[in-house]
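Here are the chains, one letter per residue:
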Amino acid sequence: MSAKNRPLDNQDRKILRELQKNARLSNAELAELVGLSTTACWNRTRQLETEGYICGYVALLDQQKLGMADTVLLEVTLDRHEDDALTRFGEELAALPEVLEAYLVSGEYDYLVKVAVDGTAGYERFLREKLYRIAGIRHSRSMFALRCMKFSASVQA
């Protein structure tokens, strides 16, 4: 087994869970919460980063306060499915700031896209001025999210 794929022990998982709750913890605070010395905690945290278990640290922003209170789930089908068409569409889609997540999926549609907008008028602007200017879209279908039942920025440790 390579070092990259080593199994996590309970201390590693405790560190990951505490950082998921609050990534701004100082090393001393984190060490106290997980029951390690500051040196051991710092070494384990750096090892988790080096091995790729921790991919980065982010600030989660309030979508509503930033004027994009609505979430739309969008299914998109393309005209063509050659590698160059998929790559180009994926790159152009990823460049749109309203797009929170985008997945190439199996099934009836090619992409599932999560978009943040300011109501129906904001969504119409997004469609007309941005999404539909990307060449190759054959069909799209959208659903406004009424309520978020669960949100997690990452998998649980």
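Anything mentioned here points back to the structure above.
Engineer: Is there a simple way to explain the overall build of the chain in this structure?
Structural biologist: Each helix and strand in the chain was counted, giving 5 helices and 4 strands. Seen in sequence order, the chain has helices and strands lined up from the N terminus as α-α-α-β-α-β-β-α-β. Whereas a compact globule of 157 residues would reach a radius of gyration of roughly 15 Å, the chain reaches 20 Å, over 25% beyond that. Along the first, second and third principal axes, the C-alpha atoms of the chain reach 55 × 40 × 25 Å. Here the chain, with 157 residues, has 30% of them falling under the buried criterion. Contacts in the chain between residues at least 24 apart in sequence constitute 64% of all its contacts with a sequence separation of at least 6. Just so you have it, the chain exposes about 10700 Å², and 52% of that area is on carbon and sulfur atoms.

Engineer: Whenever I open this one, a nonpolar patch on the surface confuses me. Can you help?
Structural biologist: Together, L73, Y103, V105, L112 and M143 make up a nonpolar patch on the protein surface, roughly 390 Å² of accessible area in all. Turning to its location among the elements, Y103 is positioned in strand β2 (residues 99-104).

Engineer: What is the right way to read the pairing of strand β3 (residues 111-117) from this model?
Structural biologist: A regular strand carries its side chains on alternate faces of the sheet. Of all 7 residues in β3, 5 are buried, a share of seventy percent or more. Pairing geometry for strand β1 (residues 70-78) and β3, over 7 bridges, is antiparallel. When the sheet's bridge partners are listed, E75 is paired in β3 with L112. As defined by bridge partners, β2 adjoins β3 across 5 bridges and the pair is classed as antiparallel. Residue pairing for β3: V99 is matched across the bridge by V115. Between β2 and β3, which follow one another and run antiparallel, lie 6 residues, and G107 among them has a positive phi close to 110°.

Engineer: Sorry if this is basic, but what is going on with helix α4 (residues 83-94) here?
Structural biologist: Because each turn of an α-helix spans 3.6 residues, side chains separated by three or four positions end up pointing in the same direction. Relative to the 16 Å expected for 12 residues at 1.5 Å per residue, α4 spans 16 Å between its end C-alpha atoms, a close match to the ideal helical length. Here the buried face of α4 lies against β1, β2, β3 and β4 (137-144).

Engineer: How should the pattern of salt bridges be read in this particular structure?
Structural biologist: When the charged atoms of two side chains lie near each other, side chains of opposite charge can form a pair. Considering all chains together, one arrives at 13 salt bridges under this definition. Notably, a salt bridge pairs E18 with K21, separated by 3.4 Å at the nearest N-O pair. On the criterion of helical spacing, the pair formed by E18 and K21 is a turn pair, its members being 3 residues apart in helix α1 (residues 10-21). By relative accessible area, which is 17% here, E18 ends up buried.

Engineer: How should the state of the cysteines be read in this particular structure?
Structural biologist: By definition, a disulfide links the sulfur atoms of two cysteine residues through a covalent bond. Under the definition given, this model contains 0 disulfides. In this model C55 remains outside any disulfide bridge; the closest cysteine sulfur is found in C41, 18 Å from its own.

Engineer: What's the story with helix α3 (residues 38-50) in this structure? I'm lost.
Structural biologist: An ideal rise of 1.5 Å per residue puts 18 Å on 13 residues; α3 measures up with 18 Å between its terminal C-alpha atoms. Where α3 is concerned, the buried positions are C41, T45 and L48. End-on view of α3: buried residues confined to an arc of 60°, all on one side of the axis. Exposed side of α3, more than 90 degrees from the buried face: T39 and T50 are the residues found there. Next to the buried residues of α3 lie α1 and α2 (27-34).

The rules behind the values
- Residues numbered from 1 in each chain as written.
- Predicted model: local features only at pLDDT ≥ 70, side-chain atom pairs only at ≥ 80, totals over all residues.
- Heavy atoms only, no water.
- Helix = DSSP H or I, 4+ residues; strand = E, 2+ residues; numbered from the N terminus.
- Rg over C-alpha atoms; globule rule 2.2 N^0.38 Å.
- Buried < 20%, exposed > 50% of the residue type's maximum accessible area, 1.4 Å probe, protein only.
- Contact = heavy atoms within 4.5 Å.
- Areas by Shrake-Rupley, 256 points an atom, 1.4 Å probe, with all protein chains shown as cover.
- Patch = residues over 30% accessible without salt bridge, like charges linked within 9 Å, V, L, I, M, F, W, Y side chains within 5 Å.
- Salt bridge = Lys/Arg side-chain N within 4 Å of Asp/Glu carboxyl O.
- Pairing = 2+ DSSP bridges.
- Expected span 1.5 Å × (residues − 1).
- Disulfide = S-S within 2.5 Å.
- Arc of directions from axis to C-beta.

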